Structure formats: C-alpha cells, structure tokens
Amino acid sequence: MKNKLAKLKYLPNNFNVLEVGDHVICAISGKKIMLENLTYWNVDKQEAYYSYKEASLQREKENN
C-alpha cells in the first residue's frame, strides 16, 4: 500500500489498523507520518503527531 492514508484506532500503547495504508497525517503540522515512524498520538483525541514537538504544542493548547 504505497502512498495510501491509513485509518487507525489509537490505543494507550499501540494502535490498530482499521484501514490499510502506509501513513497518517499529523494533526498539528499536516506532515505525513509513515506508520513505521509513528510514535506520538493522543488516545482521547484519536490524533497522530509527527514528533514530540507537535505533541507538546497540543498539550500546551489543551492546558491554556
């Protein structure tokens, strides 16, 4: 599945693939995240983040 958006269910320590693909999109930056590089996500919001920077920005927004 080259260059196909995946649909995932984010869980506390991993994720389930609901629709096969090779990447997801960062909720903050809009960057493409290859599934093998996906490390940061929010279970409650069901959002993926490109890196710790985007995850931190989201946390800051929620705390303000």
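Residues numbered from 1 in each chain as written. Predicted model: local features only at pLDDT ≥ 70, side-chain atom pairs only at ≥ 80, totals over all residues. Heavy atoms only, no water.

On to the nonpolar core. Formed by A6, L8, Y10, V24, C26, I33, L35, L38, W41 and A48, the largest nonpolar core amounts to ten residues. In this structure, L38 is in contact with L8, Y10, F15, V24, I33 and A48, ignoring residues within four places of it in sequence. (Core = buried A, V, L, I, M, F, W, Y, C linked by side-chain atoms within 4.5 Å. Buried < 20%, exposed > 50% of the residue type's maximum accessible area, 1.4 Å probe, protein only. Contact = heavy atoms within 4.5 Å.)

Another point: the pattern of salt bridges. On inspection of all chains with the given rule, the structure shows three salt bridges. Among the salt bridges present, the one from K4 reaches E19, with a minimum N-O distance of 3.4 Å. Highlighted residues: K4 in the segment before β1 (7-10) and E19 in strand β2 (residues 15-19), separated in sequence by 15 residues. For E19, a relative accessible area of 36% puts it in the partly exposed group. (Salt bridge = Lys/Arg side-chain N within 4 Å of Asp/Glu carboxyl O. Helix = DSSP H or I, 4+ residues; strand = E, 2+ residues; numbered from the N terminus.)

Along the polypeptide, E54 turns up in helix α1 (residues 52-63). Classification of E54 as buried rests on a relative accessible area of 7%. In this view, E54 contacts C26, I28, S29, K31 and Y49; residues no more than four positions away in its chain are not counted.

Before going further, it helps to examine the environment of K4. We classify K4 as partly exposed; its relative accessible area is 30%. Distance from K4 to V20, taken between C-alpha atoms, is 7.8 Å for residues 16 residues apart in sequence. Ignoring sequence-local partners within four residues, the contact set of K4 consists of E19, V20, G21, D22 and H23. Side chain to side chain, K4 and E19 meet in a polar contact 3.4 Å long. (Polar contact = N/O pair within 3.5 Å; in protein donor to acceptor, adjacent residues only side chain to side chain.)

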